[in-house]
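Examination of the molecular architecture
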Amino acid sequence: MTTASRAFDGIRVRAAQIGLYETPILHGRLADAEALNAALRSAILDRHAAAPSLARSNVGGWHSATDMLDWGGPAAAALADTAVKMAKRASHFDGRDAATVEWTVKMWANVSPPGALNMSHAHPGVLWAAVYYIDMGVPPSGGEAGGELFFEDPRFPVPFMRLPGFRLLGIDGQPQPVERRLPTDAGDLVLFPAWLRHGVRPHLGTGDRISIAMNIDVTG
Ligand SMILES: [Fe+2]
């Protein structure tokens, strides 16, 4: 400190922190989903028995083709409508009447046995991605269940290039994590921007986990 600056010792600053550029993630829970889940489960297990897996982000699990709306019956159509309803809640279209925007959904199913996981990935070419949980498998007694959906902070690589242990403090005063895990249950529907990289931790329990993924977009 120079002699000149000591003349101003004791200057105080009040700073308000602004949390800028939210990333909206909607975590929904479907009410009375038992009948819907039973119908979805039955359609998925039939398809699982008959069709080979696609190789996408899945490691060790079965990934159907993205045409589940063709074979998932009314339950799949109802789930797609519900996901679009959530996407509408979080969307704005400059210069367009939101009520007239036409939405499209591609849907696929995942059956993940113990040990299966999904590597980090994004869903290019669409606005929103969603995942719906039908069966979480059986957690191990006294241990972690695994299988959590996780989201990566898309800004993370930038500070990492300077100092790996540096974190920005959030408006809650806590260091912002570079990855956020989201615990989910059967009947949960999670919607997030399709560009947000995400994945699934290894399933550490027993039994198959069953989920449905969707790419949600608009025409034009
Ligand atoms: Fe995904």
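So, a few notes on the structure that sits alongside this text. Owing to the predicted nature of the structure, the values given are computational and were not obtained by experimental measurement.

What follows deals with the side chain of Asn215. Position of Asn215 relative to the elements: it lies in strand β11 (residues 206-218). Apart from the residues lying within four places of it in its own chain, the contact partners of Asn215 are Thr104, Val105, Lys106, Trp108, His123, Val126, Trp128 and Ala129.

So, about the pairing of strand β1 (residues 26-29). Burial along β1 is one-sided: Leu26 and Gly28 are buried, while His27 and Arg29, pointing the other way, are not. Where β1 lies against strand β9 (residues 188-193), 4 bridges are found, and the strand directions are antiparallel. Along β9, the bridge assignment pairs Arg29 with Asp188.

Contact geometry of helix α2 (residues 34-50) with helix α4 (residues 73-89) gives a least axis separation of 8 Å together with a crossing angle of 120°. When the interaxial angle is binned, α2 and α4 end up oblique. Judged by the sense of rotation from one axis to the other, the crossing of α2 with α4 is left-handed. In this structure, α2 uses Leu36, Ala39 and Leu40 to contact α4, whose residues at the interface are Ala75, Ala76, Ala78 and Leu79. For the contact of α2 with α4, the per-class residue count stands at 7 nonpolar, no polar and no charged.

A few words on the sheet that holds strand β4 (residues 103-112). The strand order across the open sheet formed by 6 strands is β1-β9-β6-β11-β4-β3, and the pairing between neighbours is antiparallel. Of all the strands in the sheet, the pair left with one neighbour each is β1 and β3 (62-63). Those strands touched by α2 are β3, β4, β6 (128-138) and β11, and its axis lies near 90° from that of β6. Packing of α4 onto the sheet brings it into contact with β1, β4, β6, β9 and β11, and relative to β4 it is tilted by some 120°.

Turning our eyes to something else, we now look at unusual backbone geometry. The phi dihedral of Tyr21 is positive, around 60°, even though this residue is not glycine. Not every positive phi belongs to a glycine, and Asp32 is a case in point at roughly 50°. Relative to the assigned elements, Asp32 resides in the loop between β1 and α2. Relative accessible area serves as the criterion here: at 72%, Asp32 is assigned to the exposed category.

Reading the values: rules and limits
Sequence positions are assigned chain by chain, starting from 1 and proceeding in written order. Reporting in this predicted model follows two pLDDT cut-offs: at least 70 for local features of residues, and 80 or more for side-chain atom pairs to be given and counted; totals over whole chains, interfaces and linings ignore these cut-offs and use all residues. Side-chain metrics in this entry use all non-hydrogen atoms of the structure; hydrogen atoms and water are not considered. The helix and strand labels rest on DSSP assignments: H or I over at least four residues marks a helix, E over at least two residues marks a strand, and numbering proceeds from the N terminus. Whether two residues are in contact is decided by their heavy atoms, any of which lying within 4.5 Å being enough. A 1.4 Å probe rolled over the protein chains alone gives each residue an accessible area, and that area as a share of the maximum for its type sets the label: buried under 20%, exposed over 50%, partly exposed in between. Any two strands with at least two DSSP bridges between them are considered paired. To get an axis, fit a line to the C-alpha atoms, keeping to the stretch in contact for a helix; angles then go from 0 to 180 degrees between the N-to-C directions. Roughly parallel covers angles under 35 degrees, roughly antiparallel covers those over 145, roughly perpendicular covers 65 to 115, and oblique covers all other angles. The hand of a helix crossing depends on one turn: near helix anticlockwise from the far one by less than a right angle means left-handed, and clockwise means right-handed. When residue character is reported, Ala, Val, Leu, Ile, Met, Phe, Trp, Tyr, Cys and Pro are called nonpolar, Asp, Glu, Lys and Arg charged, and the others, Gly included, polar.

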